[in-house]
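# Summary of the model geometry
Given next are the chains, with one letter for each unit.
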Amino acid sequence: DAKTTQPPSMDCAEGRAANLPCNHSTISGNEYVYWYRQIHSQGPQYIIHGLKNNETNEMASLIITEDRKSSTLILPHATLRDTAVYYCIVLNSGGSNYKLTFGKGTLLTVNP
Amino acid sequence: GAVVSQHPSRVICKSGTSVKIECRSLDFQATTMFWYRQFPKKSLMLMATSNEGSKATYEQGVEKDKFLINHASLTLSTLTVTSAHPEDSSFYICSARRPRAANYGYTFGSGTRLTVV
């Protein structure tokens, strides 16, 4: 699976949009981009995933560049409860055992 | 939605004893479950892949005789930390995969905080 690069930390003001970048320059054609987050001392929570089109759900939007080498997770109106470590993961859709491998992620701190 | 229940949430045990952690998929059948370990301020590290009805596949460096995994049914996987020592103190998290779900069905348990004294 392709590796990802994320900034170690980011700050965001409450109510503002949080834009979390992720580089995945070695992504291959059948690999999806997944985003999870982990609030302190809890299990990871699925946010969103995409292949090449931009995606939006009730939690966030995912913008994937045309060459698919990078993506941005957007939390449109960050709240204090969005403070967490956000993980960008690239996952091959093929194979019988799809292992989610976590990098270091980005610690997003939402400030009042 | 898919729910994974992990029990216990916290456990304190004496050095040398064994501890069992359960991971249950409550509303779906999970042919594959994953076990992770997380040390403070570190990322999740995959320990093993648990497959129903067959032996678990361990990641490099993980002692299979120390971390016993049993996946005897489609809704339950257990991780037993045998002869626990203080260095085994960590946050253990399971994940269950539901095939053909919209997001490939990776759902995580709430984790188990193990403290070995």
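Refer to the structure above for everything that follows.
## A word on the sheet that holds strand E8 (residues 76–81) of chain B
All names here are of chain B. Spatial ordering of the open sheet is given by E1-E3-E8-E7, a layout of four strands whose pairing is antiparallel. Two strands close off the open sheet at either side, each with one partner strand: strand E1 (4–7) and strand E7 (67–73). Neighbour-to-neighbour, the strand axes of the sheet open up by a mean angle of 15 degrees, direction not taken into account.

## So, the state of the cysteines
On inspection of all chains with the given rule, the structure shows two disulfides over all chains. Cys 22 of chain A shares a disulfide with Cys 88 of chain A; S-S distance 2.1 Å. Between Cys 22 of chain A and Cys 88 of chain A, the S-S torsion sits near -80 degrees, and that sign places the bridge as left-handed. In this pair, Cys 22 of chain A sits in strand E2 (residues 18–23) while Cys 88 of chain A sits in strand E8 (residues 84–92), placing the two residues 66 residues apart along the sequence. For Cys 88 of chain A, a relative accessible area of 2% translates into the label buried. Put simply, Cys 23 of chain B and Cys 94 of chain B are joined by a disulfide, and their sulfur atoms are 2.0 Å apart. Negative torsions about the S-S bond denote left-handed disulfides, and the value of about 80 degrees found for Cys 23 of chain B with Cys 94 of chain B makes this one right-handed. A residue pair is termed long-range when its members are at least 10 positions apart, and Cys 23 of chain B in strand E3 (residues 19–25) and Cys 94 of chain B in strand E9 (residues 90–97) qualify at 71 residues. Neither residue differs from the other here; Cys 23 of chain B and Cys 94 of chain B are each classed as buried. Of the cysteine sulfurs around Cys 12 of chain A, a residue in no disulfide, the closest is that of Cys 22 of chain A, at 18 Å.

Definitions and cut-offs
- Residues numbered from 1 in each chain as written.
- Chains lettered and ligands numbered in written order.
- Predicted model: local features only at pLDDT ≥ 70, side-chain atom pairs only at ≥ 80, totals over all residues.
- Heavy atoms only, no water.
- Pairing = 2+ DSSP bridges.
- Helix = DSSP H or I, 4+ residues; strand = E, 2+ residues; numbered from the N terminus.
- Axes fitted to C-alpha atoms, helices over the stretch in contact; angles between N-to-C directions.
- Disulfide = S-S within 2.5 Å.
- Buried < 20%, exposed > 50% of the residue type's maximum accessible area, 1.4 Å probe, protein only.

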